[in-house]
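# Working through the structure, step by step
If you want the building blocks of each chain, they are given just below.
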Amino acid sequence: MKIFALTSILLSALTLVSGHGRIRTPKPLGYGSSPQLDGNAYNSPLKQDGSDFPCKGLIGVADMTPQATWTAGNKGMFEIWPNEGNGGEGNLAAHSGGSCQISLSYDKGKNWKVLHSYEGGCPRDVPLNSNIAGKNQTFTFDIPKEAKSGNALAAWTWIARTGNRGEYYMNCASVTIKGTGTSTLDNLPDMYVGDLVTGDIKENMCISSQEFNLLYPFPGDKVTKSTDGNFKGPKGPGPDGTYKVCKAPGSTGPSGPESPGETTPTPAPDEPTPTPDKPTPTPTLTTDPTDLPPSSTPTVTPLPAFEASVEGYTYECRLKA
């Protein structure tokens, strides 16, 4: 009976999640072109050795045609592909949410400048130890009015709250900045890089903590902070005792003032309502099977989560003894 129960629980857990996370808008590099990275492959994190940083190695390889036009001084937007339950293209495993940034590069991915940091709540509306997110995954942010007009690369980067450590997610998209500005935004902080080894980041540096939303050391002035969950800065500073090392190889710009290492949540303003052509459905949450009432399920003791790969899909599993 115990073996049967354990097997049933495992199979139930495997059906809950597959893949990881990606953006749907703007369309990322490699989407629908050669090399083909649609579906589950594009949802995966970068390689932990940093060999495909940045942008999964697609800069100059994939089609670089701009997929969005953002006007300086106005709002830009990105959308994380929400849960659709199809086990493939775009399927999200939200890993309890986490923290993410949207950044811009004018030099083909050498320097990345943070436009907005989302500390917690990325993806939105994800209970702890759940992989199911709310339906509204559209995020808006400000494009600096001084931003240089012309083509650029945008990057969405994500550190999940739960799941394996050593996972840094990055999707990039070609965009056009419309306006009269001339600044490459060197005054903004560098995009955070961590949970992988690249450039000056060595093993045991810039590592996030399990079940904590990452608190970015240099988030910039534009920050949206979730009221859900606790926060902690990365572990493993550089040789100088700071986290200035946690950035893209070759980045030369300022990092800005360092934020505290651990906090409790503070209220943040609501995310602006998406544009009319992208209606906001009422968020719905799927109850985790472990949340059943005590009267209908035996007492269980959770064991550590682990990930398994089956036929090209990655699953986050949590067994019960």
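Right above here is the structure, for reference.
Residues numbered from 1 in each chain as written. Predicted model: local features only at pLDDT ≥ 70, side-chain atom pairs only at ≥ 80, totals over all residues. Heavy atoms only, no water.

### Looking at the overall build of the protein
The helix and strand tally for the protein stands at 2 helices and 14 strands. Burial status across the protein gives 49% buried among its 321 residues. By sequence separation, contacts in the protein at least 24 residues apart represent 76% of the contacts at least 6 residues apart. When the accessible area of the protein is evaluated, it comes to approximately 14,800 Å², of which 55% is carbon and sulfur surface. (Helix = DSSP H or I, 4+ residues; strand = E, 2+ residues; numbered from the N terminus. Buried < 20%, exposed > 50% of the residue type's maximum accessible area, 1.4 Å probe, protein only. Contact = heavy atoms within 4.5 Å. Areas by Shrake-Rupley, 256 points an atom, 1.4 Å probe, with all protein chains shown as cover.)

### Some details on the nonpolar core
Judged by nonpolar contacts, the single largest core of 30 residues is most densely connected at W70, F78 and L104. Residue assignment for this core shows that the elements contributing at least two residues are β3 (75–80), β4 (98–105), β5 (113–119), β6 (138–142), β7 (150–160) and β8 (169–178). In terms of residue count, the dominant contributor to this core is β7 (5 residues). In contact with L104, not counting residues within four places along its chain, are W70, N111, W112, K113, L115, A152, L153, A154, V175, I177 and L185. Counting residues in hydrophobic clusters, the runner-up holds 29 residues, among them W112, L153, I159 and M170. (Core = buried A, V, L, I, M, F, W, Y, C linked by side-chain atoms within 4.5 Å.)

### Observations concerning the pattern of salt bridges
Applying the stated criterion across every chain, the model contains 5 salt bridges. K75 is the partner of D142 in a salt bridge, and the nearest nitrogen-oxygen pair spans 2.8 Å. Of this pair, D142 sits in strand β6 while K75 sits in strand β3; the two residues are 67 residues apart in sequence, bridging distant segments of the chain. Two residues, K222 and D142, come together in a salt bridge whose shortest N-O distance is 3.4 Å. Pair noted here: K222 is in the loop between β9 (213–214) and β10 (223–225) and D142 is in strand β6, with a separation of 80 residues, a long-range link. (Salt bridge = Lys/Arg side-chain N within 4 Å of Asp/Glu carboxyl O.)

### So, empty space enclosed by the protein
According to the stated counting rule, one finds 2 cavities of 30 Å³ or more in the structure shown. Roughly 70 Å³ of volume is contained in the largest cavity. Together, 10 residues line the largest cavity, and D190, F218, Y243, C246 and K247 are the ones closest to its centre. Residues that form the lining of the largest cavity fall into these classes: 6 nonpolar, 1 polar and 3 charged. Here the second largest cavity defines a volume of roughly 30 Å³. Every element with two or more residues in the lining of the second largest cavity is listed here: β7 and β8. Residues that form the lining of the second largest cavity fall into these classes: 9 nonpolar, 1 polar and no charged. (1 Å grid on protein atoms, 1.4 Å probe; cavity = no way out; pocket = protein on both sides within 12 Å on 5 of 7 lines; lining within 4 Å. Points joined across faces, edges and corners; volume = space filled by probe spheres on them. Nonpolar A, V, L, I, M, F, W, Y, C, P; charged D, E, K, R; others polar.)

### Some details on the side chain of S96
Mapped onto the fold, S96 is located in the loop between β3 and β4. For S96, a relative accessible area of 3% corresponds to the buried category. Within polar-contact distance, the side chain of S96 engages the side chain of T162 at 2.8 Å. Setting aside anything within four residues of it in sequence, one finds S96 in contact with V126, P127, L128, N129, S130, R161 and T162. (Polar contact = N/O pair within 3.5 Å; in protein donor to acceptor, adjacent residues only side chain to side chain.)

### A look at the packing of aromatic side chains
This model, assessed by the stated rule, comprises 9 aromatic pairs. Ring geometry for F78 against F139: centres 5.0 Å apart, planes inclined by 5°, an arrangement best described as stacked. Remark: F139 occurs in strand β6 and F78 occurs in strand β3; sequence separation between them is 61 residues. Both residues of the pair, F78 and F139, belong to the buried class. (Phe/Tyr/Trp six-rings, centres within 6.5 Å; stacked < 30°, edge-to-face > 60°.)

### A closer look at the state of the cysteines
Within this structure, the stated rule accounts for 3 disulfides. Sulfur-sulfur distance for the disulfide between C55 and C172 comes to 2.0 Å. What sets the handedness of the C55 and C172 disulfide is the S-S torsion sign, and at about -80° it is left-handed. Taken together, the positions of C55 in the loop between α2 (40–43) and β2 (69–71) and C172 in strand β8 put the pair 117 residues apart, joining distant regions of the chain. Considered together, C55 and C172 belong to a single accessibility category, that of buried residues. In this model, C100 is linked to C122 through a disulfide, with the two sulfur atoms separated by 2.2 Å. Because the sign of the S-S torsion sets the handedness, a value of about 100° for the bond joining C100 and C122 places this disulfide among the right-handed ones. Of this pair, C100 sits in strand β4 while C122 is found in the loop between β5 and β6, placing the two residues 22 residues apart along the sequence. Residue C122 is classed as buried on the basis of its relative accessible area, which comes to 0%. For the protein, numbering the cysteines in disulfides from first to last along the sequence yields the connectivity 1-4, 2-3, 5-6. (Disulfide = S-S within 2.5 Å.)

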